[in-house]
Amino acid sequence: MSKLDENIATLERHLARFREGGIANRIGGQDRSGGGGTFQTVSPVDKSVICDVARGQAADIDAAAQAAHDAFPAWRDMPAKERRAVLIRIAEGIEARAEEIALCECWDTGQAWKFMSKAALRGAENFRYFADQVTSARNGQHLPSPTLMNVTTRKPIGPVGVITPWNTPFMLSTWKIAPALAAGCTVVHKPAEASPLTARLLVEIAEEAGLPPGVLNTVNGFGEDAGRALCEHRLIRAIAFVGESRTGSMIVKQGADTLKRNHLELGGKNPVIVFDDADLDRALDAVIFMIYSINGERCTSSSRLLVQDTIRAAFEAKLIDRVNAIKVGHPLDPATEIGPLISEEHFAKVTSYFDIAQQDGATVAAGGETLGDDGYFVKPTLFTGARNDMRIAQEEIFGPVLTSIPFATEEEALALANDTEYGLTGYVWTNDLTRALRFTDALEAGMIWVNSENVRHLPTPFGGVKASGIGRDGGDWSFEFYMEQKHIGFATGAHKITRLGI
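Residues numbered from 1 in each chain as written. Predicted model: local features only at pLDDT ≥ 70, side-chain atom pairs only at ≥ 80, totals over all residues. Heavy atoms only, no water.

The next thing to look at is the overall build of the chain. Along its length, the chain carries 16 helices and 21 strands. Relative to a compact globule of 502 residues, whose C-alpha radius of gyration would be 23 Å, the chain shows 24 Å and is just as compact. Expressed along its principal axes, the backbone C-alpha trace of the chain runs to roughly 80 × 60 × 40 Å. The buried share among the 502 residues of the chain stands at 56%. Across the chain, the fraction of contacts at a sequence separation of at least 24, relative to all contacts at a separation of at least 6, is 74%. With an accessible surface of roughly 20,100 Å², the chain has 51% of that area assigned to carbon and sulfur atoms. (Helix = DSSP H or I, 4+ residues; strand = E, 2+ residues; numbered from the N terminus. Rg over C-alpha atoms; globule rule 2.2 N^0.38 Å. Buried < 20%, exposed > 50% of the residue type's maximum accessible area, 1.4 Å probe, protein only. Contact = heavy atoms within 4.5 Å. Areas by Shrake-Rupley, 256 points an atom, 1.4 Å probe, with all protein chains shown as cover.)

Taken together, seven strands build an open sheet; the order of strands is 13-16-17-12-11-18-19 and the sheet is mixed. Each end of this open sheet is capped by a strand with a single partner; those strands are strand 13 (363–366) and strand 19 (447–450). When strand polarity is set aside, the average angle formed by the axes of neighbouring strands in this sheet is 25 degrees. Sheet topology places strand 11 (residues 271–274) next to strand 12 (residues 304–308); four bridges connect them, and they run parallel. Across the sheet, the residue bridging to Ile-273 is Leu-306, located in strand 12. In this fold helix 10 (residues 280–292) packs onto strand 11, strand 12, strand 16 (381–384), strand 17 (401–407) and strand 18 (425–429), with an angle of close to 140 degrees to the strand it touches most, strand 17. Across the sheet, helix 12 (residues 344–360) touches strand 13, strand 16 and strand 17, and the angle it forms with strand 16 is around 20 degrees. (Pairing = 2+ DSSP bridges. Axes fitted to C-alpha atoms, helices over the stretch in contact; angles between N-to-C directions.)

For Asp-476, the location among the structural elements is in helix 16 (residues 475–482). For Asp-476, a relative accessible area of 39% corresponds to the partly exposed category.

On to helix 9 (residues 245–254), then. Those residues of helix 9 that sit buried are Ser-245, Gly-248, Ile-251 and Gln-254. Contact partners of the buried residues in helix 9: strand 6 (160–163), helix 8 (223–232), strand 9 (238–242) and strand 10 (261–265). Two to three positions downstream of the cap, the backbone nitrogen of Arg-246 sits 3.2 Å from a side-chain oxygen, assigning the N-cap of helix 9 to Glu-244. (Polar contact = N/O pair within 3.5 Å; in protein donor to acceptor, adjacent residues only side chain to side chain.)

Further remarks concern the environment of Val-49. Within the secondary structure, Val-49 is located in strand 4 (residues 49–54). Separated by 61 residues in the primary sequence, Val-49 and Gly-110 have C-alpha atoms spaced 14 Å apart. With near-sequence residues (within four places) excluded, Val-49 lies in contact with Gln-40, Thr-41 and Val-42.

For helix 4 (residues 98–109), built from twelve residues, the straight-helix expectation of 16 Å at 1.5 Å per residue is met to within 8% by its first-to-last C-alpha distance of 16 Å. Those residues of helix 4 not exposed but buried are Ala-98, Glu-100, Ile-101, Ala-102, Leu-103, Cys-104, Glu-105, Cys-106, Trp-107, Asp-108 and Thr-109. Of the residues trailing helix 4, Gly-110 is marked for its positive phi of about 90 degrees. (Expected span 1.5 Å × (residues − 1).)

Tracing the sequence through the fold places Asp-277 in the loop between strand 11 and helix 10. Here Asp-277 falls in the partly exposed class, since its relative accessible area comes to 27%. Put simply, Asp-277 and Trp-429 are 152 residues apart on the chain and 8.2 Å apart in space, counted from C-alpha to C-alpha. In this view, Asp-277 contacts Thr-430, Asn-431, Asp-432 and Arg-435; residues no more than four positions away in its chain are not counted. Of the polar contacts made by the side chain of Asp-277, one reaches the side chain of Arg-435; its length is 3.2 Å.

All told, the structure shown has eleven aromatic pairs when counted by the stated rule. Ring geometry for Tyr-129 versus Phe-130: centroids 5.0 Å apart, planes at 85 degrees, classification edge-to-face. There is no split in this pair, since Tyr-129 and Phe-130 are both buried. Here the aromatic rings of Phe-275 and Phe-439 are separated by 5.6 Å at their centres, their planes lie at 85 degrees, and the arrangement is edge-to-face. You can see Phe-275 sitting in the loop between strand 11 and helix 10 and its partner Phe-439 sitting in helix 15 (residues 433–442), a full 164 residues away along the chain. The ring of Phe-275 carries Arg-435 above its face, with NZ or CZ at 4.1 Å from the centroid. (Phe/Tyr/Trp six-rings, centres within 6.5 Å; stacked < 30°, edge-to-face > 60°. Lys NZ or Arg CZ within 6 Å of the ring centre and 35° of its normal.)

Okay, the state of the cysteines next. Applying the stated rule across the entire model yields zero disulfides. Its sulfur unpaired, Cys-104 is 9.4 Å from the next cysteine sulfur, which belongs to Cys-106. Not engaged in a disulfide, the cysteine Cys-231 finds its nearest cysteine sulfur in Cys-185; these two sulfurs lie 16 Å apart. (Disulfide = S-S within 2.5 Å.)

Right, let's talk about the side chain of Glu-316 for a bit. Relative to the helices and strands, Glu-316 resides in helix 11 (residues 312–325). At a separation of 2.8 Å, a polar atom in the side chain of Glu-316 contacts the side chain of Arg-312. Setting aside its immediate chain neighbours within four residues, Glu-316 contacts Val-307, Thr-384 and Ser-404.

A word on the pattern of salt bridges. Enumeration over the complete set of coordinates arrives at 32 salt bridges. Residues Arg-128 and Glu-95 are paired through a salt bridge, measuring 3.0 Å at the closest nitrogen-oxygen approach. Highlighted residues: Arg-128 in helix 5 (residues 113–133) and Glu-95 in helix 3 (residues 80–96), separated in sequence by 33 residues. A relative accessible area of 29% places Arg-128 in the partly exposed class. A salt bridge links Asp-389 to Arg-387; the nearest nitrogen and oxygen atoms lie 3.0 Å apart. (Salt bridge = Lys/Arg side-chain N within 4 Å of Asp/Glu carboxyl O.)

A separate point is a nonpolar patch on the surface. A surface patch of nonpolar side chains, about 250 Å² in accessible area, is lined by Met-149, Ile-488 and Phe-490. With respect to the helices and strands, the residue Met-149 is situated in strand 5 (residues 148–156). Overall, Met-149 belongs to the partly exposed group, its relative accessible area being 36%. (Patch = residues over 30% accessible without salt bridge, like charges linked within 9 Å, V, L, I, M, F, W, Y side chains within 5 Å.)

The next point concerns the pairing of strand 6. Side-chain positions along a regular strand alternate between the two faces of the sheet. In strand 6, alternate side chains face the same way, and those of Val-160 and Val-162 on one face and Gly-161 and Ile-163 on the other are all buried. Inspection of the sheet shows strand 6 paired to strand 7 (residues 187–190) by four bridges, in the parallel sense. Bridging from a neighbouring strand, Val-160 pairs with Val-187 of strand 7. Relative to strand 9, strand 6 runs parallel, the two being bridged by four bridges. In the sheet register, Val-160 faces strand 9, and the bridge partner there is Ala-238.

What follows is the structure, given as structure tokens:
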């Protein structure tokens, strides 16, 4: 039996319970049906129905918010050592069920096993990292003045809403939920409707690890009903969201009346700039990895290649050969590098750019075609001969599609790189240290890697500028979002107080 056949057989065993009983909302430690009935989650691999999913409505969000509100005082006040132990057990539970999580995620999202087999373990790393920060998370500062001993501390903000996307849903859910729990907050989680399977697994693992009922609640549903109700709910103090920029704008508007705090990790049209003095073989590897891995469905993908004109022809020739050799196939096949896109709607969006590119005058140098009729498969695609004012260079396609644009000088490269409404990441390839310092200082992006692909380090800040988001994840930046600063001033003597009304 091949590894693909083994993976399919194992997956079938894991899916059996979902097919029989569907996925319920989980509120206050209890399974609940959805006020809107159910909807179906469909595999992009073959367009088959996986199972029915509870469709949450405003009433379901209200019940979950109330459960989170009721559970908050006890979770907030639980000794740090005990909360840390719970988070460690959640990490251990994730590791124990890593294969199940990865297989379900591949089938639910179309992501390749090559990458998803590690995603669950990254989720466990998130819980372990933030578990280790629990005991110091509320620490403050001593800020003495001439008349006062000023001290600060941090307190968890309260129940928070977490809205996660469909591209790598399990890992990104842990990225938000782990620091929220470590801070002492309770959570109402609304996963993306296109990928609900592993959100269910996460709440099961958390409760089995001893997380008290109501501390983590999961309500499935759509943005227009469950998502909006969560953003508007008076008991929810903050919203952490990962997704596209238009939805982020809506979330801010929906939370305005209740003065929600928002952390928004949004879209990107990220440049990778390759100068002619770079290590071109390594740069080529990184360019390919950062747009074609994860099906190109990642916010940090380097979807605009800015390549110096002195090396453009040779670099693009090698790029075309490599892109044409990328293996597209069944996501549970370990050899597959690109699986199907998430849904029919997204498939239609991505493939629409094949015609748009040609209408605008670019060349389809590789790909630009769909594959088969069973699922939502497309060939990895490369557009050359592009200009930065084309739609393919300005709009977030969010698929395995790269647009190559030439530049002549450093000044031109910088202008092109910054000429976008987005500012999430940037990648710079050069062996000129002073150029790297100049360029990264002027590049409008929240995160930049020099001579490297995206290598995530959990203590560092993660987030963008401009239309790419508000706020930062990672390390202490996460706690700044999930906690409130508190100042207390103690008089150190009988300092003079101005007297009125004497």
